[in-house]
Amino acid sequence: MSTVDLIRHVKLSTARLPLTVPISDAKVFTGRQKPMTEVVFLFAEITTEQGHSGLGFSYSKRAGGPAQYAHAKEVAEGIIGEDPNDIGKIYTKLLWAGASVGRSGVATQALAAIDIALYDLKAKRAGLPLAKLLGSYRDSVQTYNTSGGFLNATLDEVKERATQSLDDGIGGIKIKVGLPDSKEDLRRVAGVREHIGWDVPLMVDANQQWDRATALRMGRQLEEFNLIWIEEPLDAYDFEGHAHLAQVLDTPIATGEMLASVAEHKGLINANSCDIIQPDAPRVGGITQFLRLAALADERGLGLAPHFAMEIHLHLAAAYPREPWVEHFDWLDPLFEERLETKNGRMIVPDRPGLGVTLSEQARAWTTESVEFGA
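What counts and how
Residues numbered from 1 in each chain as written. Predicted model: local features only at pLDDT ≥ 70, side-chain atom pairs only at ≥ 80, totals over all residues. Heavy atoms only, no water. Helix = DSSP H or I, 4+ residues; strand = E, 2+ residues; numbered from the N terminus. Buried < 20%, exposed > 50% of the residue type's maximum accessible area, 1.4 Å probe, protein only. Contact = heavy atoms within 4.5 Å. Domains from an automatic or database assignment. Buried area = accessible area lost by both parts, 1.4 Å probe. Salt bridge = Lys/Arg side-chain N within 4 Å of Asp/Glu carboxyl O. Polar contact = N/O pair within 3.5 Å; in protein donor to acceptor, adjacent residues only side chain to side chain. UniProt positions renumbered as here; feature names shortened; annotations may be inferred. Pairing = 2+ DSSP bridges.

Before going further, it helps to examine the environment of Ile 87. Locating Ile 87 in the fold gives a position in helix H3 (residues 87-97). Take Ile 87: its relative accessible area is 5%, and that puts it in the buried class. Ile 87 sits 28 residues away from Asp 115 along the chain, and the two C-alpha atoms are 6.9 Å apart. In this structure Ile 87 touches Asp 115, Leu 118, Tyr 119, Lys 122 and Thr 288, once residues within four positions along its chain are discounted.

Right, dumping it as structure tokens:
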């Protein structure tokens, strides 16, 4: 078979995944957002002349999903006839096709679905899990659960879900903080720590809702709970404030999930603003961009804990030189036929080629719009 293969077909679709219960973190309790009721996805399915295929996705919470789909729809036709192995070349071509709207946010999140699909296709063609194609350091990754620790749940519900997560082989528990009443935050953290014991990894996430004084005061009070990290204590773009906390607190500082480009992450890294960086491949523009910033993070000796989208990030975390974490969310389960395995506190890299996931009939049923290019 010839090694030359060309992209002949691209299908883009957008789907709305409804959440069973409206979700609230600190941004809701401070009045900045409404409870989240759905997640909007952009899927890219790419097929080559030789019949190879790849699946990628991006997503948006609360707003922005239609914009991602609209932008992708404008530029995607440009990859027809390209060699799918030339992922960097294709990314640059699409970036310039939409250059007037910039190189971050929606402009690159729309490209992420295509970029990820190309990596999925390349790994499938090689007959390898994506982690193996990238050059993995491990066959499993430490994992922690977030979806059970939101602020709309009572403390008893959070405890119950933590127990279930640990029983399911998940290694750590993250809960949300950042309430207007800091005493209630401390009560919830103390309750969960007592419930799961002192040997289980515990993290907290303030979702950017503290000012500098509150973050420092809370950070000092949280020291006694032996946390793995304090996440997003300040506004995501307050690099200086995060750097100060990282310097004066014993508990590691984690942040980065809201940044929407490699350039923004460079600012975070150069300011020494965190101990653990939390990039999100769909948010920064895909795997091509994620690998660039992961190299920068490793050079600075940072820990890695990618945000959300475990179906993608498991593979990327497995290919990071330093022992990382991957975030377990069960929200996306209905979208895919396959499930990721957790055992002894770790998430197992699947032996299926590529990302190792295929869209379910439910995902097709939730699709609200689609468009196709090529033969």
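The extent of an interface is frequently quoted as the accessible surface area lost upon association of the parts. According to the domain assignment, the protein consists of domain 1 (7-127 + 360-370) and domain 2 (131-348). For domain 1 versus domain 2, the separation of C-alpha centres amounts to 23 Å. Taken together, the contacts link 41 residues of domain 1 with 39 residues of domain 2. Approximately 3100 Å² of surface area, both sides summed, lies buried where domain 1 meets domain 2, with 69% of it carried by carbon and sulfur atoms. The largest contributions to the domain 1 side of the interface with domain 2 come from Phe 57, Tyr 59 and Tyr 119, which together make up 19% of the buried area. Our count for the domain 1 to domain 2 interface comes out at zero salt bridges. Counting across the domain 1 and domain 2 interface gives 12 residue pairs in polar contact (both at pLDDT 80 or more). When residues of the side of domain 1 that touches domain 2 are traced back to their parent elements, those giving at least two are strand E1 (7-23), helix H1 (26-29), strand E2 (36-48), strand E3 (53-61), H3, helix H4 (106-126) and helix H14 (361-365).

With that out of the way, let us pick up the UniProt feature "domain: Mandelate racemase/muconate lactonizing enzyme C-terminal" (unreviewed entry) in the protein. As annotated in UniProt, the feature "domain: Mandelate racemase/muconate lactonizing enzyme C-terminal" (unreviewed entry) corresponds to residues 155-252 in the numbering used here. The distance from the first to the last C-alpha atom of residues 155-252 is 24 Å, and the span holds 50% helix and 12% strand.

A few words on the pairing of strand E4 (residues 140-145). With five of its six residues buried, E4 lies for the most part within the structure. Summarising the sheet, E4 and strand E13 (residues 346-348) pair through three bridges and their orientation is antiparallel. Counterpart to Gln 142 in the pairing with E13 is Arg 346. With four bridges joining them, E4 and strand E11 (residues 325-328) adopt parallel strand pairing. Directly across from Gln 142, in E11, lies its bridge partner Trp 325. As judged from the two bridges shared by E4 and strand E5 (residues 172-176), these two strands associate in the parallel manner. Counterpart to Tyr 144 in the pairing with E5 is Gly 172.

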